[in-house]
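These are the residues of each chain, in order.
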Amino acid sequence: MADVSLAAKRQEIALLRRLEERILWLASWTIHNANHLRESRDGLKVGGHQASSASLTTVMTALYMKALRPQDRVAVKPHASPVFHAIQHLFGRQSLENLKRFRALGGAQSYPSRTKDVDGVDFSTGSVGLGVAMTAFASLTQDYLAARGSVKPEKMGRMISLLGDAELDEGNIYEALIEACKHDIRNTWWIVDYNRQSLDATTQDRMFTRYGEIFEAAGWTVETLKWSKRQREAFAKPGGEALREWIETAPNDLFAALTYQGGAAWRERLSADLASNPQTLALIASYKDADLAELMTELGGHCLETLLEAFERAGQDDRPRFFIAYTVKGLRLPFQGHKDNHAGLMTPAQIAELRERLGVVEGEEWDPLSGLSAAERTALKGLVARAPFAAEVEREHTAPTIPTPTADELLIAVAGGGEQSTQAAFGKVMFEIAARKDEFAGRVVTTSPDVTVSTNLGGFVNRRGVFQRRAHEDVFKRRRIPSAQVWSKAETGQHVELGIAENNLFIALAALGLTAPLFGERLFPVGTLYDPFIARGLDALNYACYQDARFLLVATPSGLTLAPEGGAHQSINAPVIGMAQPGLDTYEPAFADETAVLMAHAFDRIQAKDGASTYLRLSTRVIAQPERMDEAWRRGVVDGAYWLKPPAPGARLALVYSGALAPEALAAFEALSEDMPEAGLLAVTSADVLHRDWTAAGRARWTGQETRTSTIEALLAPLDRDAGLVTLTDGAPLALSWLGSVRGQRVRALGLEAFGQSGDLPDLYGKYRLDAEAVLDACADLLT
């Protein structure tokens, strides 16, 4: 029985090797077609990274054809996307037409994309390590759901990242690693394509031991897959140990150069360096040039037996794993090992040689099983069909709609008028949500990079607790030491506390905001941070939005209004960042009731089919609240603007403000009203929503779509055509200066155009020309 089992295993490995060759072929041909055969209308190089795809083909074959289960999720190395698309084509999940249109409009994407590809991409990836970190936070999110019974133990998936070794230079990976360690994450594999070549050069020799040390220190199990079965067998022969030691000490650039030059070069260098060891020379002499080159370059990451054994070992528990899979960049391609091969493309002659070597029939290049016998084709089709990952299961889920609180329900939290700040209003609403007993409240999850208290989330956490897989006693409470923060830590907690790393915040929001499609469970993530530090994690915020993750982002406090905090904490360009970010609705309310209305709207947007995430830019400035005479303002708050003080028909002037500078705008308006009672005061809650609506309405007029009037056009219509606009915002003035383009009116835009400094509000508003006097000066300039 043992012999039969061993024979079957050998036969399966042989089939996997044949299949791996055809995956390499299809990926290589897809890139070749895009660059050499498809019509080029613009003369630009299409690209596609044939070498980077080749180095990871074996790993991906082992994973997708044997190791992966249907519930596992993978962040694919971006430059290996052609391999991913080829494998998905074998599974019947990627069309031939999309392969032919690789990197063309509507075709398979250059880098795996959740929203642009059609073949089951789990996590979007680019070349900046964000997909790597995403798997750690997806694992944390899975643990969060599992603690609530939403993911059953038998359905717990592994969150796997395939990454290039050059990505290990990305700092966000180590920020995520620290957070993963603190949260004791499970079911996470990071598999490094350790080919020791980056875009510009070979990597530093001294780093290969350091990576393992770093991950071991963080509590991960490290597996270094350096040697193939073929190499281990050779090393066991007389003279083999010296050969192994030579490879161990060979500089990366020398190994790469010899790999490119081939068997004769290997023989010459090895024979010279090991001349004093006759057993090793005899071992080298026993191999033909081609076989010697194959022996030296078939490292652990190119050995199916080595990989499958490692993945099987790792599958026995849920500990996080860090695999260092030694590979050769471009293995089996004509530029293997060459330091310039990153963006290299095979010539027509070279692809023809590869086609002949692999037995693909000319004219049948798109058939991955071309040239094989009927028995081989049947066997390989059976191998693909038996792969656990090929199972027809729902991988992209739809979560049921959860009733969310209405604006009326949330307005109760901020009722009473008086003086309030928008940040305090946010805290009151969250505290009210924490007191609710409905399903929505149980699905709210908050997170913050060590600014939970200073962004007014503390009340929510006091009521709902901190998520931690292992309960932790509140020592201060047990010792009866008074504290405003009574934070219980247990699996039932609904706050994920993060360290000071804004990148981690946004990747955590990406993972929490994708629970509906990934796990079929809706969460309502709310993340807070200081507004100026959006820039610190902007790349990760963009990454979250690119995947259509849904969340509420609250950035506070903001702008020059931080006052004593000084210029390093005062945000300038955040409103413009929000306006320019797709998938993110940016709002800057001035009053508490506006904040409550927008929070209700944001929770609706999270689960709307055509929804988005929401960014609220809030302030700690306490200001007097307006007396509302009706509810008409509510629609305007959501649509982006409303008249706080409506203008008379034909008015020649209007003041426009956004956010915390409402008191200055009001003061200027009152002074102006003595001479110009017909003037208006426009409250802009979202320059982003207004601008997007205006451009869409304009586009409709010249693209044959239904003609309509945009919100801002309707709001400005009562003003005289020659009326002037004075805009005021605590940020870059260009966030509102575009309003003059709506009807061709003159604008004087006031805002923050320089780094601030410490001071109190009267001094700072005066110095940076954001006060009522500056507004009146701008009005005078427009009217002269």
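Residues numbered from 1 in each chain as written. Predicted model: local features only at pLDDT ≥ 70, side-chain atom pairs only at ≥ 80, totals over all residues. Heavy atoms only, no water.

J.: Explain the overall build of the protein to me, please; I cannot follow it from the model alone.
T.: In terms of helices and strands, the protein carries 34 helices and 20 strands. Its C-alpha atoms give the protein principal-axis dimensions of about 100 × 70 × 50 Å. The proportion of buried residues among the 784 residues of the protein is 58%. A sequence separation of at least 24 residues applies to 77% of the contacts in the protein between residues at least 6 apart. Summed over all atoms, the accessible surface of the protein reaches about 31,400 Å², with 52% contributed by carbon and sulfur. If you average the places of the 83 positive and of the 99 negative side-chain charges in the protein, the two averages end up 5 Å apart. (Helix = DSSP H or I, 4+ residues; strand = E, 2+ residues; numbered from the N terminus. Buried < 20%, exposed > 50% of the residue type's maximum accessible area, 1.4 Å probe, protein only. Contact = heavy atoms within 4.5 Å. Areas by Shrake-Rupley, 256 points an atom, 1.4 Å probe, with all protein chains shown as cover. Lys, Arg positive; Asp, Glu negative; His and termini not counted. Charge placed at Lys NZ, Arg CZ, Asp CG, Glu CD.)

J.: Where do I start with the nonpolar core in this structure?
T.: In globular proteins that are soluble, nonpolar side chains generally tend to be buried together. In this structure, Trp 246, Phe 322 and Leu 553 are the most contacted members of the largest nonpolar core, which totals 88 residues. Apart from the residues lying within four places of it in its own chain, the contact partners of Leu 553 are Leu 505, Phe 506, Leu 509, Gly 527, Leu 529, Ile 534, Leu 541, Thr 614, Tyr 615 and Leu 616. Residues Leu 457, Ala 662, Val 775 and Leu 782 belong to the second largest nonpolar core, which totals 76 residues. (Core = buried A, V, L, I, M, F, W, Y, C linked by side-chain atoms within 4.5 Å.)

J.: Would you mind going over a positive patch on the surface with me for this structure?
T.: Judged by side-chain charge, Lys 9, Arg 10, Lys 229 and Arg 232 come together as a positively charged surface patch. Put simply, the parts of the chain that give the positive patch at least two residues each are helix 1 (2–37) and helix 8 (229–235). Topologically, Arg 10 is positioned in helix 1. Judged by relative accessible area, Arg 10 falls into the exposed class, the value being 55%. (Patch = residues over 30% accessible without salt bridge, like charges linked within 9 Å, V, L, I, M, F, W, Y side chains within 5 Å. Salt bridge = Lys/Arg side-chain N within 4 Å of Asp/Glu carboxyl O.)

J.: Just to check I follow, could you spell out the sheet that holds strand 20 (residues 746–750) for this structure?
T.: Strand pairing in a sheet is mediated by backbone hydrogen bonds. Such pairs are either parallel or antiparallel. Spatial ordering of the open sheet is given by 16-18-17-19-20, a layout of five strands whose pairing is mixed. In this open sheet, the two strands that pair with only one neighbour each are strand 16 (641–645) and strand 20. On average, adjacent strands in this sheet sit at an angle of 25° to one another, irrespective of strand direction. Bridge count for strand 17 (residues 653–658) against strand 19 (residues 724–729) is six bridges, and the pairing is parallel. From the neighbouring strand, Val 656 faces strand 19, where its bridge partner is Thr 727. Across the face of the sheet, helix 34 (residues 772–783) comes into contact with strand 17, strand 19 and strand 20 while running at roughly 160° to strand 20. (Pairing = 2+ DSSP bridges. Axes fitted to C-alpha atoms, helices over the stretch in contact; angles between N-to-C directions.)

J.: Even after reading the chapter, I still don't get the packing of aromatic side chains, so can you show me in this structure?
T.: Any aromatic ring pair is given by two values, namely how distant the centres are and how the planes are angled relative to each other. For the structure on display, the rule yields 23 aromatic pairs. For the pair Trp 25 and Trp 29, a centre-to-centre distance of 5.4 Å together with 20° between the ring planes defines the contact as stacked. Remark: Trp 29 and Trp 25 occur in helix 1; sequence separation between them is four residues, near one turn of the helix. Members of the aromatic cluster, each reached through a chain of ring pairs, are Tyr 64, Phe 84, Phe 91 and Phe 389. Its guanidinium or amino end placed over the ring of Tyr 144, Arg 148 lies 3.7 Å from that ring's centre, counting from NZ or CZ. Note that Arg 628 overlies the ring of Trp 633, its terminal NZ or CZ placed 4.2 Å from the centroid. (Phe/Tyr/Trp six-rings, centres within 6.5 Å; stacked < 30°, edge-to-face > 60°. Lys NZ or Arg CZ within 6 Å of the ring centre and 35° of its normal.)

J.: Is there a simple way to explain helix 3 (residues 81–90) in this structure?
T.: Each α-helix turn comprises 3.6 residues. Residues three or four places apart therefore point the same way. For helix 3, the buried fraction is high: nine of the 10 residues fall into the buried class. For helix 3, every residue scored as buried is listed here: Ser 81, Pro 82, Val 83, Phe 84, His 85, Ala 86, Ile 87, Gln 88 and His 89. Looking one or two residues past helix 3, Gly 92 carries a phi angle of roughly 85°, positive in sign.

J.: Explain the side chain of Ser 53 to me, please; I cannot follow it from the model alone.
T.: As for its position among the elements, Ser 53 is in helix 2 (residues 50–67). In this structure Ser 53 comes out as buried when scored by relative accessible area, which is 3%.

J.: Would you explain the pattern of salt bridges in this entry?
T.: Note on pairing: side chains with opposite charge can pair once their charged atoms come close. Taken as a whole and judged by the stated rule, the model has 52 salt bridges. Across the pair Asp 585 and Arg 605 runs a salt bridge, and its minimum N-O distance is 2.9 Å. On the criterion of sequence distance, the pair formed by Asp 585 in strand 13 (residues 584–587) and Arg 605 in helix 26 (residues 592–607) is long-range, its members being 20 residues apart. Asp 585 sits in the buried class, given a relative accessible area of 4%.

J.: I keep staring at the pairing of strand 14 (residues 613–617) and nothing clicks. Help me out?
T.: Counting buried positions along strand 14 yields five of five residues, so the element is predominantly enclosed. Neither face of strand 14 is left uncovered, since the one carrying Ser 613, Tyr 615 and Arg 617 and the one carrying Thr 614 and Leu 616 both have all their residues buried. Here four bridges tie strand 12 (residues 552–555) to strand 14, and the two strands are oriented parallel to one another. Note that in strand 14 the partner of Leu 553 across the bridge is Tyr 615. In this region the chain leaves strand 13, passes through helix 26 and returns to the parallel neighbour strand 14; the handedness of that crossover is right-handed. (Right-handed = clockwise from strand over helix to strand, strands pointing away.)

J.: What is the right way to look at the packing of helix 2 against helix 14 (residues 304–314) in this model?
T.: Running from N to C, helix 2 and helix 14 cross one another at 50°; their axes reach a closest spacing of 10 Å. Considered as vectors, helix 2 and helix 14 are oriented oblique to each other. Note on packing geometry: the crossing formed by helix 2 with helix 14 is right-handed. Counting all contacts with helix 2, which are made through Thr 58, Val 59, Thr 61, Ala 62, Leu 63, Lys 66 and Ala 67, the residues of helix 14 involved are Leu 304, Leu 307, Leu 308 and Phe 311. In terms of residue class, the contact of helix 2 with helix 14 is built from eight nonpolar, two polar and one charged. (Parallel < 35°, antiparallel > 145°, perpendicular 65-115°, else oblique. Left-handed = near helix turned anticlockwise from the far one by under 90°. Nonpolar A, V, L, I, M, F, W, Y, C, P; charged D, E, K, R; others polar.)

J.: Got a minute to help me understand unusual backbone geometry in this structure?
T.: The phi angle of most residues is negative, glycine excepted, and most peptide bonds adopt the trans form. Of note, the bond from Thr 556 into Pro 557 is cis; its omega dihedral lies within 30 degrees of zero at -5°. Examined against the element boundaries, Pro 557 turns out to sit in the loop between strand 12 and helix 25 (574–580). Here the phi dihedral of Asn 456 falls at roughly 70°; this positive angle occurs in a residue that is not glycine. Position of Asn 456 among the secondary structure elements: in the loop between strand 7 (444–449) and helix 20 (458–464). Positioned with a positive phi, Ala 563 is a non-glycine residue whose angle comes to about 55°. The residue Ala 563 is located in the loop between strand 12 and helix 25 in this model.

J.: Just checking my understanding: could you explain the layout of surface pockets for this structure?
T.: Empty space among the atoms becomes visible once a probe the size of a water molecule is rolled across them. In this structure, the largest pocket spans a volume of roughly 570 Å³. As for the largest pocket, its lining consists of 25 residues, and the residues nearest its centre are Glu 21, Glu 294, Glu 298, Leu 331 and Arg 332. Residue contributions to the lining of the largest pocket peak at six residues, all from helix 1. Here the residues of the lining of the largest pocket sort into nine nonpolar, six polar and 10 charged. (1 Å grid on protein atoms, 1.4 Å probe; cavity = no way out; pocket = protein on both sides within 12 Å on 5 of 7 lines; lining within 4 Å. Points joined across faces, edges and corners; volume = space filled by probe spheres on them.)

J.: Got a minute to help me understand the environment of Gln 625 in this structure?
T.: Along the polypeptide, Gln 625 turns up in the loop between strand 15 (623–624) and helix 27 (632–639). Note: C-alpha distance between Gln 625 and Glu 419 (206 residues apart in sequence) is 5.8 Å. Aside from chain neighbours lying at most four places away, what touches Gln 625 is Gly 417, Gly 418, Gln 420, Phe 591, Ala 592 and Asp 593. Polar contacts involving the side chain of Gln 625 include one to the main-chain amide nitrogen of Ala 592, which spans 2.8 Å. A polar contact of 3.0 Å, which involves the side chain of Gln 625, links it to the backbone oxygen of Ile 623. (Polar contact = N/O pair within 3.5 Å; in protein donor to acceptor, adjacent residues only side chain to side chain.)

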